[in-house]
Amino acid sequence: MELNFINQKYILDLLENAKNANDEIISKALDKADSGETLAHSEIAALLKTENTEFIERIYKTAGKIKRRIYGNRIVMFAPVYVSDYCVNRCTYCSFNQSHDFIRSKLTMEQLREEVKILEKMGHKRLALEAGESEKECSIDYILDCIKTIYEMKFENGEIRRINVNIAATTEENYKKLKNAGIGTYILFQETYNETVYNKFHVSGPKKDFNWHLNAFDRAQNAGIDDVGGGVLFGLSDPYFDVMGLLLHNEHLEKKYNTGFHTISVPRLCPASGMNINDFSNLVDDETFAKITAVIRIAVPFTGMILSTRENRDMRRKLLQLGISQISAGSATEVGGYQKRRRNEIITPQFFVNDERSAVSIIGELIDDGYIPSFCTACYRSGRTGDRFMSLAKSGQIGNVCLPNALMTLCEYSIDYGDAHFREKAASMIKNEIPNISNESVRRKTIKNLEKISTGQQRDFFV
Ligand code: SAM
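Residue indices begin from 1 for each chain and proceed along its sequence in written order. In keeping with the predicted nature of the model, local features appear solely for residues at pLDDT of at least 70, side-chain atom pairs appear and are counted solely at 80 or more, and the whole-chain, interface and lining totals rest on all residues. To obtain the side-chain values, all non-hydrogen atoms of the structure were used and water was disregarded.

Re the nonpolar core
To keep it simple, the criterion reads: Here, nonpolar core means buried Ala, Val, Leu, Ile, Met, Phe, Trp, Tyr and Cys residues that are tied together by side-chain atoms lying within 4.5 Å of each other. Burial classes follow relative accessibility: with a 1.4 Å probe on protein chains only, a residue under 20% of its type's maximum area counts as buried, one over 50% as exposed, and anything between as partly exposed. Here a strand is any run of E in DSSP of at least two residues, a helix any run of H or I of at least four, and the numbering for each starts at the N terminus. A contact between two residues is defined here by any heavy atoms of the two lying within 4.5 Å.
The biggest cluster of nonpolar side chains holds 148 residues, and the ones touching the most others in it are Ile 143, Leu 178 and Tyr 186. With nine residues, the single largest contributor to this core is helix H11 (residues 239-257). Those residues in contact with Ile 143 that sit more than four places away from it in its chain are Val 83, Leu 129, Ala 131, Cys 138, Ile 167 and Leu 178. In this structure, Phe 78, Ala 128, Phe 189 and Ile 306 belong to the second largest nonpolar core, which totals five residues.

Written as structure tokens, this is what we have:
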């Protein structure tokens with residue numbers, strides 16, 4: 001049964017009333033957030049709407065504090081892999097738009113193995129599988145083949161342990177197949193929660209149906225996928241409206257399935273072939289984007305927040321402080337893009353990325369900035385998904401599990417892929433963190449692994 005739980009008028013009214021929120025209301029909302037209380041919709045709207053620089057600074061501080069309290073200094077790493085750019089939709093912002101004339105392709109399983117080999121050589125353990133929508137060229141069976149191929153592909157010490165899937169909204173039956181294939185999170189961006197704007201940018205194709213797209217996570221949940229990841233494409237519509245839409249969607253899922261979004265992504269519109277970014281009148285400037293990210297962190301403290309290489313290095317560094325817990329590195333956003341890059345072929349991506357640094361330099365910089373790059377996929381592999389993950393996160397216990405796992409996977413990464421300089425700084429970070437590991441035997445194990453990094457020995461442990 002289709003339902004539309006996004007009350008457009010309710011959101012518009014909230015944002016209109018938020019203009020009248022006085023300093024006392026905003027200050028009280030920030031005090032509440034600081035002490036871990038859940039904010040009311042009207043308070044979140046007031047934070048979004050404030051232009052007062054002192055309050056914006058407080059929003060940043062509060063978001064940063066919440067982030068450190070819940071996630072510590074761990075940052076989860078991932079990379080996208082594009083398998084097909086065939087698409088039957090006409091979305092005006094996307095280069096895959098059906099009416100764009102270019103030579104489309106999808107990876108053969110052999111080509112996919114080559115892509116995965118490169119990704120494994122970069123040290124990635126977690127992928128986001130991306131595809132355009134085409135039942136004919138990119139059927140669910142093709143996607144299932146891709147998933148199987150990726151999970152089976154082991155190259156040197158590398159392996160992909162978690163595949164998150166970002167494919168078009170589909171049927172409950174197909175979601176069951178994805179569940180059985182062992183996917184991690186099913187990710188789908190609503191693009192915008194403003195139905196009028198949605199209809200304008202989605203000209204034709206199955207994705208044009210707002211409710212079909214909106215109800216995708218209900219079908220996924222009914223099929224047993226309990227880790228779902230939402231997002232909107234900032235730049236299409238009023239960003240404040242879309243943040244409120246995301247939060248209402250999250251509450252709908254919490255109410256109905258006992259668990260909201262596992263992650264929220266914050267993609268921002270980028271130039272892409274076949275579209276002119278200047279035709280979009282709701283582009284979000286850097287200050288607004290930072291405020292939005294921080295307010296989302298405050299509103300949903302336990303939801304992972306994902307940032308891609310759509311953002312440049314400076315923006316990524318800033319947003320990591322405000323709430324982002326997961327970033328991509330070394331990304332190619334084109335079908336076969338990793339092999340093409342290696343062959344120095346001209347790349348025509350889905351959108352142009354703004355952080356083109358290699359994975360290892362991004363990961364190295366994270367350490368320099370005091371973060372622990374984590375390649376951990378243990379929650380999903382141990383069945384800590386959906387409400388089991390959320391209740392652990394809310395009880396504050398998750399850090400006891402995540403910290404040692406993050407350090408262990410960083411040990412693994414350093415030994416397998418780091419040069420002497422990288423190993424040295426990773427070893428020093430791990431050494432500093434060891435006292436924070438609460439479990440005695442895990443602490444001893446980490447100390448043992450640390451010796452291997454320092455002496456450049458082969459790895460004899462497997463995470
Ligand atoms: N085909 C899937 C669907 O229909 O939802 C999603 C796959 S698509 C590869 C992933 C996401 O890229 C889209 O949901 C959209 O938000 C984003 N995207 C498309 N064009 C973009 C652009 N020009 N700049 C930034 N992100 C874009």
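What follows picks up the thread again.
What about the site of the ligand?
Heads up, the condition is: To be near a molecule or strand, a residue needs just one of its heavy atoms within 4 Å of it. For the purposes of these results, a polar contact is taken to be a pair of N or O atoms within 3.5 Å, where, inside protein, one atom must be able to donate a hydrogen and its partner to accept one; residues adjacent in sequence count only when each atom of the pair is a side-chain atom. Using the Shrake-Rupley algorithm and a 1.4 Å probe, accessible areas are obtained, with residue cover drawn only from the displayed protein chains. All residues other than Ala, Val, Leu, Ile, Met, Phe, Trp, Tyr, Cys, Pro, Asp, Glu, Lys and Arg, Gly among them, are scored as polar; the first ten of these are nonpolar and the last four charged.
In the vicinity of the ligand, 22 residues are found, and the nearest of them are Tyr 93, Ala 131, Glu 191, Cys 270 and Arg 310. One of the side-chain N or O atoms of Glu 191 is found 2.6 Å from an oxygen atom in the ligand. Within the complex, the protein chains bury 97% of what would otherwise be the 570 Å² of accessible surface of the ligand. Taken together, the residues of the shell around the ligand sort by class into 14 nonpolar, three polar and five charged.

Structural notes on unusual backbone geometry
One non-glycine residue, Glu 156, adopts positive backbone phi at about 50°. Position of Glu 156 relative to the elements: it lies in the loop between strand E4 (154-155) and strand E5 (158-159). Of note in the backbone geometry, Asn 258 takes a positive phi value of approximately 70° without being a glycine. Its location among the elements puts Asn 258 in the loop between H11 and strand E10 (263-265). According to the relative accessible area criterion, Asn 258 is exposed, its value standing at 54%.

Let's talk about the environment of Glu 120
Position of Glu 120 relative to the elements: it lies in helix H5 (residues 109-121). Note: C-alpha distance between Glu 120 and Phe 155 (35 residues apart in sequence) is 6.7 Å. Ignoring anything within four residues of it in the chain, the contact list for Glu 120 reads Met 153, Lys 154, Phe 155, Gly 158, Glu 159, Ile 160 and Tyr 417. A distance of 3.5 Å separates a polar side-chain atom of Glu 120 from the backbone nitrogen of Ile 160.

Description of the side chain of Lys 125
The line we're drawing: The convention is simple: Lys and Arg are positive, Asp and Glu are negative, and His and the chain ends are not counted. Salt bridges are defined by distance alone: a side-chain nitrogen of Lys or Arg within 4 Å of a carboxyl oxygen of Asp or Glu.
Mapped onto the elements, Lys 125 comes out in the loop between H5 and strand E3 (126-131). It is Glu 412 that comes nearest to the buried, bridge-free Lys 125 among opposite-charge side chains, at 4.4 Å. Non-local contacts of Lys 125, meaning those with residues more than four positions away in its chain, are made with Glu 159, Ile 160, Arg 161, Arg 162, Phe 375, Thr 377, Glu 412 and Tyr 417.

Comments concerning helix H20 (residues 440-455)
Worth spelling out the cut-off: Given the number of residues in a helix, its expected span is that number minus one, multiplied by 1.5 Å.
The terminal C-alpha atoms of H20, which comprises 16 residues, lie 23 Å apart, in line with the 22 Å expected from a rise of 1.5 Å per residue. Its side-chain oxygen at 2.9 Å from the backbone nitrogen of Ser 441, Asn 439 defines the N-terminal cap of H20.

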